[in-house]
Amino acid sequence: MFYSYFAALGFDIILEDTTNQGRIDMAVKFNEQVYLFEFKVVELVPEGKALQQLQDRGYADKYHGLVQPIHLIGVEFSKKSRSVVGFEWLSI
């Protein structure tokens, strides 16, 4: 759903963007800024692991050379309700 929305808007999108520490679920470059997304499925309540993974694995390191603002965005979905239950972001 996220990919479809951003792709329809014509943004520069990279899915499963490979780094030396793993893969970023989705990277979006727009308006001279970088948005890195991590998506997680949780049981019922948000756990904060999506944003934490972006930080722990240093996924933003790949984009520091662009000298643009980088935004880390963690989105967590409930396995049961199939809706967003957690949304955190950090600008670096």
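Residues numbered from 1 in each chain as written. Predicted model: local features only at pLDDT ≥ 70, side-chain atom pairs only at ≥ 80, totals over all residues. Heavy atoms only, no water.

Of the residues in the protein, 99% have a pLDDT of 70 or more, and the chain-wide mean is 92. Least confident of the elements in the protein is helix H1 (residues 2-8), whose mean pLDDT is 89; most confident is strand E4 (residues 70-78), at 96. (pLDDT = per-residue confidence, 0-100. Helix = DSSP H or I, 4+ residues; strand = E, 2+ residues; numbered from the N terminus.)

Taken as a whole and judged by the stated rule, the model has 5 salt bridges. Its salt-bridge partner being Lys-29, residue Asp-12 comes within 4.0 Å of it at the nearest N-O pair. Linking Asp-12 in strand E1 (residues 12-19) with Lys-29 in strand E2 (residues 22-30), this pair joins segments that are 17 residues apart in sequence. Of the residues examined, Asp-12 reaches a relative accessible area of 41% and is grouped as partly exposed. Between Lys-62 and Asp-17 there is a salt bridge, with the nearest N and O atoms lying 2.5 Å from each other. Of this pair, Lys-62 sits in the loop between helix H2 (49-56) and E4 while Asp-17 sits in strand E1, placing them 45 residues apart in sequence. Residue classification places Lys-62 among the partly exposed residues on the basis of a relative accessible area of 42%. You can call Asp-17 buried: its relative accessible area is 5%. (Salt bridge = Lys/Arg side-chain N within 4 Å of Asp/Glu carboxyl O. Buried < 20%, exposed > 50% of the residue type's maximum accessible area, 1.4 Å probe, protein only.)

Attention now moves to the pairing of strand E5 (residues 84-91). Of the pairings in the sheet, the one linking E4 to E5 comprises 7 bridges and is antiparallel in character. Residue pairing across strands places Ile-73 opposite Trp-89, the latter belonging to E5. Hairpin remark: E4 followed by E5, antiparallel, with 5 residues in the connecting loop; positive phi at Arg-82, about 55°. (Pairing = 2+ DSSP bridges.)

Read from one edge to the other, the open sheet built from 5 strands follows the order E1-E2-E3-E4-E5, with strand pairing classed as mixed. With one partner strand each, in any of the chains shown, E1 and E5 form the two edges of the open sheet. Sheet twist, expressed as the average angle between the axes of neighbouring strands with direction ignored, equals 25°. Running over the sheet, H2 touches strand E3 (33-42), E4 and E5 and is turned about 145° from E4. (Axes fitted to C-alpha atoms, helices over the stretch in contact; angles between N-to-C directions. Contact = heavy atoms within 4.5 Å.)

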